[in-house]
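Structural characterization, general
Each chain, written out:
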Amino acid sequence: MNKVDVAIIGGGPAGLSAGLMLGRARKQTIVIDEGRPRNAVTREAHGFLTRDGISPDEFRRIAKEQLRVYPSVSQYEDTVVSITGEDGDFLLETATRKKIASKKLLFAVGMKDQKLGIPGLAEVYGKSAFVCPYCDGWELRDEPLVVISRGAALMHFAPLLSGWTNQFVVCTNGPDELSEAEREDLRNHHIPLFDTPIRAIVSSKGMVNHVALEDGTEIPCTGIFFKSELVPGTDLPQTLGCRISDTGEIAVDEVGKSSVPGVYAAGDVSSLMHQSIAAAASGARAAAVINGELNQEVWRNN
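Residue numbers restart at each chain and count upward from 1, following the sequence in its written direction. In view of the model being predicted, local features appear only for residues whose pLDDT reaches at least 70, and side-chain atom pairs are presented and counted only at 80 or more, with totals across whole chains, interfaces and linings using the full set of residues. Processing note: side-chain calculations cover all non-hydrogen atoms of the structure and skip hydrogens and water entirely.

This part is about the pattern of salt bridges. Basic side-chain nitrogens of Lys or Arg form a salt bridge, by our definition, when they fall within 4 Å of a carboxyl oxygen of Asp or Glu. Inspection of every chain in the model, using the stated rule, returns 18 salt bridges. In this structure, Asp176 and Arg183 form a salt bridge, with 2.9 Å as the shortest nitrogen-oxygen distance. Summary of the burial criterion: residues with accessible area below 20% of their type's maximum are buried, those above 50% are exposed, and those between are partly exposed, where the area comes from a 1.4 Å probe applied to protein chains only. Judged by its relative accessible area of 8%, Asp176 is buried. Here Arg187 makes a salt bridge to Glu184, at a shortest N to O gap of 2.7 Å. Of this pair, Arg187 and Glu184 are both found in helix α6 (residues 180-188), 3 residues apart, which corresponds to roughly one turn of the helix. Overall, Arg187 belongs to the partly exposed group, its relative accessible area being 43%. Judged by relative accessible area, Glu184 falls into the partly exposed class, the value being 34%. Salt bridges here are not isolated pairs; linked through shared partners, they connect Asp87, Lys104, Lys257, Glu293 and Glu297. Note on conventions: DSSP H or I runs of at least 4 residues are helices, E runs of at least 2 residues are strands, and numbering of each starts at the N terminus.

Structure (structure tokens):
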């Protein structure tokens with residue numbers, strides 16, 4: 001059985017950043033990742049200083065290589081299937097039957113897309129259809145776009161996207177869930193609104209050509225932004241008793257502590273700001289707090 005100070009579940013920017021911080025702090029650390037990152041669909045990751053435009057695969061390769069410098073850090077491609085125990089004495093079991101005893105836990109599992117549901121959307125996701133304008137808005141600046149969203153999420157997103165382009169059409173793919181005042185707001189900003197269900201996204205080699213509606217309407221565009229329905233990458237935090245927010249993330253305080261002693265979370269699974277650089281920062285912050293807590297425990301017991 002492996003015995004470590006910290007088990008990090010998830011190997012994206014948050015988990016790898018935490019692993020680097022803990023390795024440099026000389027803590028026995030294990031990073032367990034199933035190897036199926038959400039951003040694998042994208043060709044480039046943006047907004048990460050010194051790494052703007054890097055492919056997600058290359059980002060992870062460099063990060064993992066840098067972690068190998070630190071002998072106290074182990075990395076496994078595996079899936080954690082169960083966790084029992086409490087602060088200072090957690091027991092993890094993986095899909096390959098590895099057993100790991102850990103004093104502290106850090107969940108950095110990210111979020112997973114639920115089934116996209118619209119025919120043709122999977123073919124363009126990460127190539128010409130995206131979820132975050134901070135990540136991909138620059139590449140689609142001043143382009144004619146379709147936004148697939150509705151309700152409160154739409155009324156937050158429309159003003160945001162207007163900083164990159166004012167040439168966009170909204171498709172709600174069914175009832176728009178808007179008030180008349182909100183519809184009037186869109187009209188005043190010359191944003192067409194279609195509530196007819198979407199029949200398909202028509203594309204070629206991942207590049208969208210148009211959005212086809214059930215009534216025969218075809219809306220040409222060069223890109224799409226849509227609201228993805230997300231779920232946490234694992235339900236293990238809930239089995240441990242971690243409080244989950246109304247929006248589905250692990251509820252944490254400002255340093256990543258969950259409601260369960262000894263359990264932390266970082267990155268997309270604990271935040272609404274789904275950006276690599278923000279995830280990496282939260283992973284480093286949580287790791288520093290975990291390290292401080294471990295050091296204090298040793299100090300008090302000596």
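For any two helices packed against each other, the geometry is given by the interaxial angle and the distance between the axes. Simply put, an axis is a line fit to the C-alpha atoms, just over the touching stretch for a helix, and the angle between two N-to-C directions goes from 0 to 180 degrees. Across the interface, helix α1 (residues 13-24) lies against helix α2 (residues 56-67) with an axial gap of 10 Å and an inter-helix angle of 20°. Regarding the angle of α1 to α2, the classification is roughly parallel. Both α1 and α2 take part in a crossing whose hand is left-handed. Where α1 approaches α2, its residues Pro13, Leu16, Gly19 and Leu20 are matched on the opposing element by Phe59, Arg60, Ala63, Lys64 and Leu67. Angle categories are assigned with fixed cut-offs, so that under 35 degrees is roughly parallel, over 145 is roughly antiparallel, 65 to 115 is roughly perpendicular, and the rest are oblique. The handedness criterion is simple: a crossing whose near helix is rotated anticlockwise from the far helix by less than a right angle is left-handed, and one whose near helix is rotated clockwise is right-handed. We call two residues in contact when some of their heavy atoms are within 4.5 Å.

Attention now goes to the side chain of Ser102. Tracing the chain through its elements places Ser102 in strand β6 (residues 99-107). Residues adjacent in sequence count toward polar contacts only when both atoms are side-chain atoms; beyond that, a polar contact is any pair of N or O atoms within 3.5 Å, and within protein one must be able to donate a hydrogen and the other to accept it. Among the polar contacts made by the side chain of Ser102, one reaches the main-chain carbonyl oxygen of Lys104 at a distance of 2.6 Å. Setting aside residues no more than four positions away along its own chain, Ser102 makes contact with Val4, Asp5, Val6, Ala7, Gly88, Asp89, Phe90 and Leu92.

DSSP bridges decide pairing: two strands pair if at least two such bridges lie between them. Taking strand neighbours across the sheet as the criterion, the 5 strands line up as β8-β15-β9-β10-β11 in an open arrangement whose pairing is parallel. Each end of this open sheet is capped by a strand with a single partner; those strands are β8 (129-130) and β11 (193-194). Pairing of strand β9 (residues 145-148) with strand β15 (residues 223-226) involves 4 bridges; the strand directions are parallel. Paired with Val147 across the bridge in β15 is Phe225. Lying on the sheet, helix α5 (residues 151-161) is in contact with β9, β10 (168-171), β11 and β15; it crosses β9 at an angle near 155°.

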